[in-house]
Amino acid sequence: MMGGGQQQLQQLSQELQAIDEEIEALEDEISGLQAEQADIDDAVEAIDTLDTGATVQVPLGGGAYIRAEIQDIDEIIVDLGGDFAAEQAADDAADALRTKQDALDDRIAEVQAEVAELESESSELEQQAQQMQQQMQQQQMQQMQQGGDE
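Just so it is clear, the model here is predicted, and its values are computed rather than measured.

Quick notes on the rules
- Residues numbered from 1 in each chain as written.
- Predicted model: local features only at pLDDT ≥ 70, side-chain atom pairs only at ≥ 80, totals over all residues.
- Heavy atoms only, no water.
- Helix = DSSP H or I, 4+ residues; strand = E, 2+ residues; numbered from the N terminus.
- Buried < 20%, exposed > 50% of the residue type's maximum accessible area, 1.4 Å probe, protein only.
- 1 Å grid on protein atoms, 1.4 Å probe; cavity = no way out; pocket = protein on both sides within 12 Å on 5 of 7 lines; lining within 4 Å.
- Points joined across faces, edges and corners; volume = space filled by probe spheres on them.
- Nonpolar A, V, L, I, M, F, W, Y, C, P; charged D, E, K, R; others polar.
- Patch = residues over 30% accessible without salt bridge, like charges linked within 9 Å, V, L, I, M, F, W, Y side chains within 5 Å.
- Areas by Shrake-Rupley, 256 points an atom, 1.4 Å probe, with all protein chains shown as cover.
- Salt bridge = Lys/Arg side-chain N within 4 Å of Asp/Glu carboxyl O.
- Lys, Arg positive; Asp, Glu negative; His and termini not counted.
- Charge placed at Lys NZ, Arg CZ, Asp CG, Glu CD.

### Examining the side chain of Gln101
Assignment of secondary structure puts Gln101 in helix α2 (residues 90–149). For Gln101, a relative accessible area of 13% puts it in the buried group.

Now the structure itself:
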């Protein structure tokens with residue numbers, strides 16, 4: 001008798017779980033984008049504050065660094081994407097990095113909007129599930145009462 005209602009509840013539960021997983025993946029993406037923004041902030045700050053002749057630590061990978069002296073702060077190599085990089089003047093490099101940051105801001109806003117939409121959908125499904133459970137409980141109570149009347 002109640003098989004259909006139970007199936008619908010199970011389906012709603014599966015949909016809610018899928019939405020939760022998607023929200024988690026999107027939130028992970030936001031974290032990654034924000035980390036990239038922090039790296040860009042650090043790079044722009046370094047371009048703005050470092051001078052020729054300053055000593056910096058250059059990452060070698062694997063958590064290892066080497067000290068190096070900046071020979072010319074006006075020659076910055078900026079990643080253009082697609083495994084391409086170009087040498088740019090400091091001001092141009094900082095501008096290029098800020099442009100990347102603006103693109104990241106836009107992407108973060110898009111992903112946050114997706115998360116909000118999914119959270120809204122999740123809330124609606126949770127309300128449907130609660131209503132179905134209440135209806136099923138009411139039906140059970142009515143059946144029990146009818147069985148007792150006979």
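### Examining the layout of surface pockets
One simple way to see leftover space: roll a probe sized like a water molecule over the atoms. Counted as a void, the largest pocket has a volume near 450 Å³. Around the largest pocket, the lining is made up of 21 residues, and of these Ile47, Leu50, Ile70, Ile76 and Ile77 lie nearest the centre. Among the elements of the structure, α1 (3–49), β1 (55–61), β2 (64–69), β3 (76–81) and α2 are those that each provide at least two residues to the lining of the largest pocket. For the lining of the largest pocket, the per-class residue count stands at 14 nonpolar, two polar and five charged.

### Here we look at unusual backbone geometry
Although it is not a glycine, Asp83 sits at a positive phi angle of roughly 60 degrees. One can find Asp83 in the loop between β3 and β4 (84–88). Classification of Asp83 by relative accessible area gives exposed; the value is 81%.

### Observations regarding a negative patch on the surface
On the surface, Asp20, Glu21, Glu24, Glu27, Asp28, Glu119 and Glu126 cluster together into a patch of negative charge. Listed by contribution, the elements that provide at least two residues to the negative patch are α1 and α2. When residues in the negative patch are grouped by element, the largest group, five residues, is from α1. Tracing the sequence through the fold places Glu27 in helix α1. For Glu27, a relative accessible area of 39% gives the class partly exposed.

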